Amino acid sequence: MTDYAMIINGEKVFSDTTFDVINPATGEVFAQCPKGTVEQLNEAVAAARKAFPAWSGMADEKRVEIMNQMAGIIEQHQVELARLITREQGKTLSGPGSMFEAGGCQAWTQVTASLKLETELVDENPEDTIELVRKPIGVVGSITPWNWPLLIAVWHIMPAIRVGCTVVLKPASYTPLSTLRLVELLNEVLPPGVLNVVSGSSDIGNAMSAHKEIDKIVFTGSIPVGQTIMGRAASNLKSLTLELGGNDAGIILPGTDITPLLEPLFWGCFINAGQTCAALKRLYVHEDDYDTVCEKFTEYVSKIPVGDGLDETHLIGPLGNAPQLETVKRYVDDAKKQGARVLCGGEPASSPGYFYPLTLVADVTDDMDLVKEEQFGTALPIIKYSTINEAVERANALDVGLGGSAWSNDPAKAKEVAMRLEAGTVWVNAHGKLHPMAPFGGVKLSGVGSEFGLEGLKAYTVNQVISVAKPPQE
Ligand code: NAP
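Residues numbered from 1 in each chain as written. Predicted model: local features only at pLDDT ≥ 70, side-chain atom pairs only at ≥ 80, totals over all residues. Heavy atoms only, no water.

Asker: Residue-level account of the site of the ligand, with values.
Answerer: Among the 30 residues in the neighbourhood of the ligand, the closest are listed as Thr144, Ser173, Ser222, Leu244 and Glu374. In this structure, an oxygen atom belonging to the ligand sits 3.0 Å away from a side-chain N or O atom of Trp146. Within the backbone of Gly200, an N or O atom sits 3.4 Å from an oxygen atom of the ligand. For the ligand, whose unbound accessible area comes to 910 Å², protein coverage reaches 87%. According to the grid-proximity analysis, the pocket containing the ligand is the largest pocket. At the level of elements, helix H7 (202-210), strand S10 (216-220) and helix H8 (223-233) are the ones that each hand at least two residues to the shell around the ligand. (Near = heavy atom within 4 Å. Polar contact = N/O pair within 3.5 Å; in protein donor to acceptor, adjacent residues only side chain to side chain. Areas by Shrake-Rupley, 256 points an atom, 1.4 Å probe, with all protein chains shown as cover. 1 Å grid on protein atoms, 1.4 Å probe; cavity = no way out; pocket = protein on both sides within 12 Å on 5 of 7 lines; lining within 4 Å. Sits in = over half its atoms within 2 Å of the grid points. Helix = DSSP H or I, 4+ residues; strand = E, 2+ residues; numbered from the N terminus.)

Shown next as structure tokens:
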């Protein structure tokens with residue numbers, strides 16, 4: 001038996017079997033989660049389908065009112081949700097960690113509630129009036145990852161229900177509990193069936209992507225799974241929003257005094273122990289500044305307190321799960337074998353849990369896995385370049401393009417370089433900062449479509465053009 005329940009049609013639902021949820025700070029199981037079945041998924045989809053006409057037909061102001069109530073509920077439960085995130089995912093309560101994540105859920109809900117897609121007048125001429133309205137697409141299937149489990153669930157849920165869609169969500173198996181609790185809380189004010197959650201293995205995600213009664217999939221996760229979903233979604237030509245992996249480059253312009261930029265540079269690389277899709281994962285530094293930047297960044301990084309996220313003196317927690325720890329270790333070991341120089345960290349901690357120290361690696365080459373693969377963790381390669389053109393070319397050489405950044409004491413110069421990066425978002429003297437009104441999405445293999453703001457709302461709608469002929473004029 002478990003304290004955590006799935007929610008289907010507004011009711012708590014359990015399952016005959018459960019799976020373990022592990023605290024990454026200890027490596028120990030701390031809870032059981034219901035393992036939903038495909039039959040339960042079908043019930044959830046049927047409930048969402050049944051709820052759709054009333055929810056999409058509800059007066060817009062009423063939906064906004066309910067969403068604002070939801071924002072209030074998230075705020076009231078911020079500490080509870082944050083502690084749950086820390087226990088299942090590992091990020092710290094402090095700094096830009098789980099309190100920040102739960103706070104972001106409240107802010108995103110409130111901002112999304114305030115957005116509205118107005119009817120657009122396409123043309124008014126002597127013969128007709130042509131308007132464009134955007135109608136809710138129907139039942140949305142949401143599949144979320146483990147790195148920012150609650151915030152990404154909110155990014156999927158809120159625009160969908162804002163425009164009148166209903167939702168069935170499947171959380172990642174490493175981090176299902178905060179989402180189950182959130183959906184339970186939100187169902188206190190939502191009509192039954194509008195928001196459902198089914199926890200379980202990838203079988204549930206697989207069944208969702210091919211489900212004939214789901215009209216759209218919004219997926220955040222890895223590129224290979226995104227590609228599988230795209231293939232399976234072809235059966236009923238589902239609409240797709242795919243937010244996939246990245247391997248973001250940051251370029252420090254020649255002659256930059258890095259000292260005032262160390263703090264944003266650190267968080268750009270290592271927020272959530274580097275397990276952030278749009279974190280800076282490859283740092284390009286000019287050869288003349290290379291030794292100074294390596295030295296100053298190492299000094300800064302070495303002072304950051306790492307440990308169990310429930311202890312509020314820590315700013316960086318463990319990696320989220322055992323395979324993630326293994327990946328980071330493998331990439332760093334491989335780089336070391338090929339002659340890279342470890343500036344700090346470089347060996348997994350001997351303590352329990354999935355800790356890998358903050359690690360900076362110098363003298364790396366573009367062909368090392370640490371550079372060309374998404375390491376998604378606490379290790380950063382620092383790469384030497386000779387000219388800006390060469391740095392931009394190398395930054396753009398990969399087949400992913402989520403984010404990118406340029407760093408300089410002259411922001412205008414940095415902006416020129418940033419704009420040459422092939423990425424959905426570029427930053428100057430920052431990396432990974434998101435805004436609920438700014439469309440976010442990747443180019444190349446980093447994804448399809450975008451989230452947030454009015455663009456994000458449109459992604460949950462279909463167009464209807466209304467063309468009204470005018471009476472013939474005498
Ligand atoms: P993942 O392995 O792709 O898993 C994501 C979700 O997909 C989980 O809920 C997973 O379920 C489910 N899933 C697995 N196989 C599936 C299948 N065949 N069909 C449908 N669903 C399936 O990704 P992850 O390891 O959790 O997340 C890390 C990746 O996400 C990184 O590459 C990161 O860059 C990317 N990411 C991107 C963004 C963005 O906005 N672009 C944001 C965050 C993360 P189970 O957990 O049950 O296996």
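Asker: Can you lay out the sheet that holds strand S13 (residues 280-286) for me, pointing to particular residues and giving the numbers?
Answerer: Spatially, S14-S15-S16-S13-S12-S18-S19 is the arrangement adopted by the seven strands of the open sheet, whose pairing is mixed. Single-partner strands in this sheet number two, and they are strand S14 (341-344) and strand S19 (425-428). The average undirected angle you get between the axes of adjacent strands in this sheet is 25°. By the bridge criterion, five bridges tie strand S12 (residues 248-252) to S13 in an arrangement that is parallel. Paired with Ala249 across the two strands is Arg282, which belongs to S13. Along the sheet, helix H9 (residues 262-270) contacts S12, S13, strand S15 (359-362), strand S16 (379-385) and strand S18 (403-407); its crossing angle with S13, the most-contacted strand, is approximately 140°. The sheet contacts of helix H10 (residues 290-302) involve S12, S13, S14, S15 and S16, and relative to S14 the element is tilted by about 45°. (Pairing = 2+ DSSP bridges. Axes fitted to C-alpha atoms, helices over the stretch in contact; angles between N-to-C directions. Contact = heavy atoms within 4.5 Å.)

Asker: Summarise the environment of Ser98; cite the residues concerned and give the values.
Answerer: Topologically, Ser98 is positioned in helix H4 (residues 98-114). For Ser98, a relative accessible area of 0% gives the class buried. Taking C-alpha positions, Ser98 is 9.6 Å from Leu151, a pair spaced 53 residues apart along the chain. With residues near it in sequence (within four places) discarded, Ser98 still touches Ala82, Ile85, Thr86, Lys91, Thr92 and Leu93. Here Thr86 takes part through its side chain, which lies 2.7 Å from a polar atom of the side chain of Ser98. (Buried < 20%, exposed > 50% of the residue type's maximum accessible area, 1.4 Å probe, protein only.)

Asker: Which residues make up the packing of aromatic side chains, and what values do they have?
Answerer: Within this structure, the stated rule accounts for ten aromatic pairs. Ring centres of Trp146 and Phe376 lie 5.6 Å apart, and the angle between their planes is 80°; this geometry places the pair in the edge-to-face category. Placement of Trp146 in the loop between strand S7 (139-143) and helix H5 (149-163) and of Phe376 in the loop between helix H12 (369-372) and S16 is noted, with a sequence separation of 230 residues between them. Classification of Phe376 by relative accessible area gives buried; the value is 13%. What links up through ring pairs into an aromatic cluster is the set Trp108, Trp155, Phe440 and Phe452. The residue whose ring lies beneath Lys216 is Tyr460, and the NZ or CZ to ring-centre distance is 5.1 Å. Residue placement shows Lys384 over the ring face of Tyr290; its charged tip is 4.9 Å from the ring centre. (Phe/Tyr/Trp six-rings, centres within 6.5 Å; stacked < 30°, edge-to-face > 60°. Lys NZ or Arg CZ within 6 Å of the ring centre and 35° of its normal.)

Asker: Which residues make up the UniProt feature "active site" (unreviewed entry) in the protein, and what are the values?
Answerer: The sites that UniProt annotates as "active site" (unreviewed entry) are Glu243. On the secondary structure map, Glu243 appears in strand S11 (residues 239-243). We classify Glu243 as buried; its relative accessible area is 4%. Beyond its immediate sequence surroundings of up to four residues, Glu243 is in contact with Phe219, Thr220, Gly221, Leu402, Phe440, Gly441, Gly442, Ser446, Gly449, Ser450 and Glu451. (UniProt positions renumbered as here; feature names shortened; annotations may be inferred.)

Asker: Which residues make up the packing of H7 against H8, and what are the values?
Answerer: At a closest axis distance of 7 Å, the pairing of H7 and H8 adopts a crossing angle of 40°. Considered as vectors, H7 and H8 are oriented oblique to each other. Where H7 abuts H8, its residues Asn206, Ala207, Ser209 and Ala210 lie against Thr228, Ile229, Arg232 and Ala233. Here the contact of H7 with H8 is built from residues that sort into four nonpolar, three polar and one charged. (Parallel < 35°, antiparallel > 145°, perpendicular 65-115°, else oblique. Nonpolar A, V, L, I, M, F, W, Y, C, P; charged D, E, K, R; others polar.)

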